[in-house]
Amino acid sequence: MAAPLSAERLLKALKDEGVRVVEYRSWRTHNRNSRGPWGPVYGVMIHHTVTTGTSGSVDLCYGGRSDLPGPLCHGVVAKDGTVYLVGHGRANHAGSGDRDVLNAVVAEKALPADNETNADGNTHFYGFEAINLGDNKDPWPPVQVEAIVRASAALCRAHGWGKDGATSVIGHLEWQPGKIDPRGPGITMKDVRARVAERLRHSAGWSPASSAEEDEMALDANDIRTIVREELARERDQQAKRTLTIDNVIPAAPETAAKGNTHATPAQWFTYLGKFVREIAAEQGAQGAVLARLAQGGGLDAAEIQAAAEAGARAALDRLGAALTDQD
Ligand SMILES: [Zn+2]
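Given the structure is predicted, the values throughout are model-derived calculations rather than measurements. (Residues numbered from 1 in each chain as written. Predicted model: local features only at pLDDT ≥ 70, side-chain atom pairs only at ≥ 80, totals over all residues.)

**Structural notes on the overall build of the protein chain**
Then, in step 1: Across its full length, the protein chain holds 11 helices and 10 strands.
Then, in step 2: Taking all 328 residues of the protein chain together, 30% fall into the buried category.
Then, in step 3: Within the protein chain, contacts between residues at least 6 apart in sequence are counted, and of these 70% link residues at least 24 apart. (Helix = DSSP H or I, 4+ residues; strand = E, 2+ residues; numbered from the N terminus. Buried ≥ 20, exposed ≤ 12 C-beta atoms within 10 Å, placed from the backbone. Contact = placed C-beta atoms within 7 Å.)

Here it is in structure tokens:
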């Protein structure tokens, strides 16, 4: 199927493949169709911009340069993996390249070396410009390369290209003699093609398992039991910490504080207070007996007896108060 995708289909194909897409300005109607044919299309070409910065690079690829009008590609792949759509239709990205390469792309066969400029690439290739200086030092973040893979796979899937992992996705350097893009740490066209081929063996929404996920999948039942046990223990600790925080207003009763506890539960304090109440009751009982004997012997009036009883109770309460305030 070699008729170019409509803007709508292209957009949907990218999104279905998990590409984060930004529609830039009037990309749907922005093209160089007045200067030559667009289609039949046979493949996807990858470039680097030799620029830095997303907004400036996107703007340049949309508007072009004084010597080369835009659009300079169909999508700009930012360092963060976002693809900015800047054109739909013929775009000035591929220039003249090797017809033998074009024939290999059409036939989905191994690429010959590019040593001629006798075929118009802008007619036959979708183009993605990835933001990179191309100085062989500027790194290619994995998320950016993943976006290149997904965008390329989206178009291959929509057109039915490259099911066997063949050559529907090429670099500019494989098309036109003298070109070097894309290059740098983190990207090779061989790797991009292998990953596109792998994607095409799965559905569009597929994500390759990260190495961490693969490690997790290698766990056996014992590992999982250990992880669950540790997770539960951690949860219990956190629960205990939360309880302590809530109980922070209740200092430890003196007896438990002596054992190194800094906080008490309400039940501990009730037990502690209960002991004091029993002490007060016992003291009052003892005083009552003494006072009764004194009263029987005469010489004490009722008011004096009451005052003495109250003094005893107050002394016990003062001890309790001191115990409480000492805990701050
Ligand atoms: Zn290029």
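**Some words on the nonpolar core**
Then, in step 1: If you look at the biggest cluster of nonpolar residues, it comprises 52 residues, and the most contacted ones within it are Val76, Val77, Val83, Val86, Ile148 and Ala151.
Then, in step 2: It is helix 5 (residues 142–159) that contributes the most residues to this core, nine residues altogether.
Then, in step 3: Excluding residues that lie within four positions of it along the chain, Val83 makes contacts with Leu14, Val19, Arg20, Val21, Gly75, Val76, Val77, Ala147 and Ala151. (Core = buried A, V, L, I, M, F, W, Y, C linked by C-beta atoms within 7 Å.)

**Thoughts on the packing of helix 5 against helix 6 (residues 189–200)**
The relative placement of two packed helices is expressed as an angle between their axes plus a distance between the axes.
Then, in step 1: Where helix 5 contacts helix 6, the axes come no closer than 9 Å and their chain directions differ by 55°. What the angle tells us is that helix 5 and helix 6 run oblique. Helix-helix and strand crossings are classified by hand; for helix 5 and helix 6 the assignment is right-handed. Here Ile148, Val149, Ser152, Ala153, Cys156 and Arg157 of helix 5 lie close against helix 6, whose contacting residues are Val192, Arg195, Val196, Arg199 and Leu200.
Then, in step 2: Partitioning the contact of helix 5 with helix 6 into residue classes produces seven nonpolar, one polar and three charged. (Axes fitted to C-alpha atoms, helices over the stretch in contact; angles between N-to-C directions. Parallel < 35°, antiparallel > 145°, perpendicular 65-115°, else oblique. Left-handed = near helix turned anticlockwise from the far one by under 90°. Nonpolar A, V, L, I, M, F, W, Y, C, P; charged D, E, K, R; others polar.)

**Here we look at the environment of Ala158**
Then, in step 1: As for its placement among the helices and strands, Ala158 is situated in helix 5.
Then, in step 2: Residue Ala158 is classed as partly exposed on the basis of its 18 C-beta neighbours within 10 Å.

**Let's talk about the sheet that holds strand 10 (residues 169–171)**
Within a sheet, adjacent strands bond to each other through the backbone by hydrogen bonds, running parallel or antiparallel.
Then, in step 1: The strand order 1-6-5-9-2-10 describes an open sheet built from six strands, whose pairing is mixed. Each edge of the open sheet is held by one strand with a lone partner, namely strand 1 (21–23) and strand 10. On average, each strand axis in the sheet is tilted by 25° relative to the strand beside it, whichever way the strands run.
Then, in step 2: Looking at chain direction, strand 2 (residues 43–48) and strand 9 (residues 125–130) are connected through six bridges and run parallel. Residue pairing for strand 9: Gly43 is matched across the bridge by Phe125.
Then, in step 3: The strands touched by helix 6 within the sheet are strand 2 and strand 10, with strand 10 carrying the most contacts at an inclination of about 165°. (Pairing = 2+ DSSP bridges.)

**Things to note about helix 5**
Then, in step 1: Here helix 5 spans 26 Å end to end across 18 residues, near enough to the 26 Å set by a 1.5 Å rise per residue.
Then, in step 2: The buried count for helix 5 comes to 13 of 18 residues, which makes it a mostly enclosed element.
Then, in step 3: Phi turns positive one or two residues past the end of helix 5, at Gly160, with a value near 75°. (Expected span 1.5 Å × (residues − 1).)

**Thoughts on the packing of helix 1 (residues 7–16) against helix 5**
Then, in step 1: In contact at an axis separation of 8 Å, helix 1 and helix 5 are set at 125° when each is read in the N-to-C sense. Put simply, helix 1 runs oblique to helix 5. The crossing of helix 1 and helix 5 is right-handed. Contacts from Arg9, Ala13, Leu14 and Asp16 in helix 1 reach Ala151, Ala154, Leu155, Arg157 and Ala158 in helix 5.
Then, in step 2: In terms of residue class, the contact of helix 1 with helix 5 is made up of six nonpolar, no polar and three charged.

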